[in-house]
Amino acid sequence: MIRGVDGHDPDAISAAISEATADGDRPVLVCCRTTIGFGSPNKAGSESTHGAPLGADEIAATRKALGWEHGPFEIPQAIVDGWDAREAGRELEQEWNQAFDAYRAAFPEEAGELLRRSKAELPEGFAAAADAYIAKLQAEGPKVASRKASQMAIEAFAPQLPELVGGSADLAGSNLTIWSGSRDVAGDDADANYVYYGVREFGMTAISNGLALHGGFLPYDATFLVFSDYARNAVRMSALMGAQAIHVYTHDSIGLGEDGPTHQPVEHMAALRAIPHNDVWRPCDAVESAVSWKLAIERRDGPSCLVFSRQTLAHQARSEEQVRQIARGGYVLAEAEGGSPELILIATGSEVGIAMEAKAKLESGGVRTRVVSMPSTDVFDRQDAAYRESVLPNAVRKRVAVEAGITGFWRQYVGLDGAVVGIDRFGASAPGDVLFRHFGFTADAIVEAARGL
């Protein structure tokens, strides 16, 4: 640590930076002392200079006090010359190109891999291999928690992606983000690819952003969904900067059980969805989980939040076309029997299975019911109007949205004349299946809400 540097003295700052960079083995903190509003004769040291303009008279007085004789936005030629790095940059670029050409001649395979990663291009054949894995899952129909399905997807995709670097905020064993090829970065292994961050959700997410912006890496991080609150500002920056960071959140609802309301997310899905340019996925089974991972890996212009359950989820039957439509964010999972739908049930995650149970009850009672699985409202909203109309036809106004989270978010899909089966209070401590019954996440509760329409 270098203390007491005069933050208004360029020579002192330069000397401190030179001293700091001389130590190449550890980070160095340079502490500068500065005065807010420096140079203003009448307002220096006042908090008013932080958020309010000085005003014309004080600006003129400040110019005089600092001896600054140049006009607004006028940069003296000496400063321009001192900061002009074009010629030096050309020389450095030429040196780099020559060095890389020699490297490519000696190691063509490694050079090609470096270029691929630096351009954020996926390996040839990745999409086909991922689609084959997804088709295999659909055929086999595993019944697992979606956090386990997430780990299965990582295990399937990661061997093709040496640039993939993961980590968890002290919850690796619960988030299930470790795969067979994970190696701890704490050692000397040059192929290390997993970071044990400790309880540092914000720092972890910020580091993922940095890795994404650096290039050559595809970072993912993980914690419980309820702790996305601690990471939120860094998630917002992922979206604002367009960083391809993958944020994994598990234990996605009151269904996590006995940890109680402090660990049971209620408003968090809506909060993440409220961030512009942020794709949020809450898959309902292993197939949707794998698709969400594939799309997060393929998305180059922004982050993805993948939200998974602790509890086991049922596999859903689908056609090949339905599997393809998962990538559109929302699709018709089960069509109404015997004609056009009178009622539409919209659900995500663990509630999709319950909606399918409710559909069976409603159909047996003569109500033609369509079930729409909506793993990503963000992606669905980007689809063309014709597709969105084919999934949620405007003519069908009787709609029930089902999600174990706050209800207000879903009004944009069901309207004021629809119904939402959700939770607008904090949870409780009990087994997950007990809580789902207690808070009304049952097929009978959905049927009751539907019949109320």
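Residues numbered from 1 in each chain as written. Predicted model: local features only at pLDDT ≥ 70, side-chain atom pairs only at ≥ 80, totals over all residues. Heavy atoms only, no water.

Participant: Give me the sheet that holds strand β6 (residues 246–250): which residues, what numbers.
Facilitator: Spatially, six strands are ordered β4-β3-β5-β6-β8-β7 in an open sheet, and the strand pairing comes out parallel. This sheet does not close on itself; its edge strands, each paired only once, are β4 (194–196) and β7 (279–281). On average, each strand axis in the sheet is tilted by 20 degrees relative to the strand beside it, whichever way the strands run. Taken strand by strand, helix α11 (residues 228–241) contacts β5 (218–224), β6 and β8 (304–307), and its axis lies near 160 degrees from that of β6. (Pairing = 2+ DSSP bridges. Helix = DSSP H or I, 4+ residues; strand = E, 2+ residues; numbered from the N terminus. Axes fitted to C-alpha atoms, helices over the stretch in contact; angles between N-to-C directions. Contact = heavy atoms within 4.5 Å.)

Participant: Describe in detail the layout of surface pockets, supporting the description with residues and values.
Facilitator: When its volume is computed, the largest pocket comes out at roughly 640 Å³. Surrounding the largest pocket, 27 residues form its lining, Arg117, Pro162, Glu163, Gly216 and Phe217 being those nearest its centre. Residue assignment for the lining of the largest pocket shows that the elements contributing at least two residues are α5 (86–106), α6 (108–118) and α10 (201–214). Among the elements that take part in the lining of the largest pocket, α6 stands out by supplying four residues, more than any other. Residues belonging to the lining of the largest pocket are distributed by class as follows: 17 nonpolar, six polar and four charged. (1 Å grid on protein atoms, 1.4 Å probe; cavity = no way out; pocket = protein on both sides within 12 Å on 5 of 7 lines; lining within 4 Å. Points joined across faces, edges and corners; volume = space filled by probe spheres on them. Nonpolar A, V, L, I, M, F, W, Y, C, P; charged D, E, K, R; others polar.)

Participant: Any chance you could break down the nonpolar core for me, citing the residues and the numbers?
Facilitator: In terms of nonpolar packing, the biggest core is built from 82 residues, with Trp293 and Ile346 touching the most fellow members. In terms of residue count, the dominant contributor to this core is helix α13 (residues 286–298) (seven residues). With sequence-adjacent residues up to four places away left out, Trp293 is seen in contact with Ser150, Ala153, Ile154, Phe157, Tyr220, Ile246, Val248, Leu306 and Phe308. Membership of the second largest hydrophobic core comes to eleven residues, among which are Ala231, Ala239, Tyr249 and Ile275. (Core = buried A, V, L, I, M, F, W, Y, C linked by side-chain atoms within 4.5 Å. Buried < 20%, exposed > 50% of the residue type's maximum accessible area, 1.4 Å probe, protein only.)

Participant: Hey, could you go over a nonpolar patch on the surface for me, with residue numbers and the actual values?
Facilitator: A surface patch of nonpolar side chains, about 760 Å² in accessible area, is lined by Phe38, Leu66, Trp68, Ile75, Ile79, Val80 and Trp83. Element by element, the count of residues in the nonpolar patch is highest for helix α4 (residues 77–83), at three residues. Secondary-structure assignment places Ile79 in helix α4. (Patch = residues over 30% accessible without salt bridge, like charges linked within 9 Å, V, L, I, M, F, W, Y side chains within 5 Å. Areas by Shrake-Rupley, 256 points an atom, 1.4 Å probe, with all protein chains shown as cover. Salt bridge = Lys/Arg side-chain N within 4 Å of Asp/Glu carboxyl O.)

Participant: Lay out the side chain of Ser40 with the relevant residues and their values.
Facilitator: Residue placement: Ser40 occurs in the loop between β2 (30–33) and α2 (48–51). Since its relative accessible area comes to 4%, Ser40 is described here as buried. Of the polar contacts made by the side chain of Ser40, one reaches the side chain of Glu58; its length is 2.6 Å. (Polar contact = N/O pair within 3.5 Å; in protein donor to acceptor, adjacent residues only side chain to side chain.)

Participant: Can you break down the packing of aromatic side chains residue by residue, with the values?
Facilitator: Aromatic ring pairs are defined here through the distance separating the ring centres and the angle between the ring planes. What the rule picks out here adds up to 14 aromatic pairs. Where Phe126 meets Phe157, the ring centres are 5.6 Å apart and the plane angle is 70 degrees; that geometry is what we call edge-to-face. Placement of the pair is Phe126 in helix α7 (residues 126–140) and Phe157 in helix α8 (residues 146–157), with a sequence separation of 31 residues. In terms of burial, Phe126 and Phe157 fall into one category: buried. Taken together, the ring pairs in this structure connect Trp96, Phe100, Tyr103 and Phe107 into an aromatic cluster. The residue whose ring lies beneath Arg273 is Phe409, and the NZ or CZ to ring-centre distance is 4.6 Å. The aromatic ring of Tyr387 is capped on one face by Arg328, whose charged end is 3.8 Å from the ring centroid. (Phe/Tyr/Trp six-rings, centres within 6.5 Å; stacked < 30°, edge-to-face > 60°. Lys NZ or Arg CZ within 6 Å of the ring centre and 35° of its normal.)

Participant: Can you break down unusual backbone geometry residue by residue, with the values?
Facilitator: Residue Leu176 is not a glycine yet carries a positive backbone phi of 55 degrees. Within the fold, Leu176 resides in the loop between α9 (172–175) and β4. A relative accessible area of 17% means that Leu176 is categorised as buried. Of note in this structure, His251 is not a glycine but carries a positive phi near 55 degrees. Mapped onto the fold, His251 is located in the loop between β6 and α12 (268–273).

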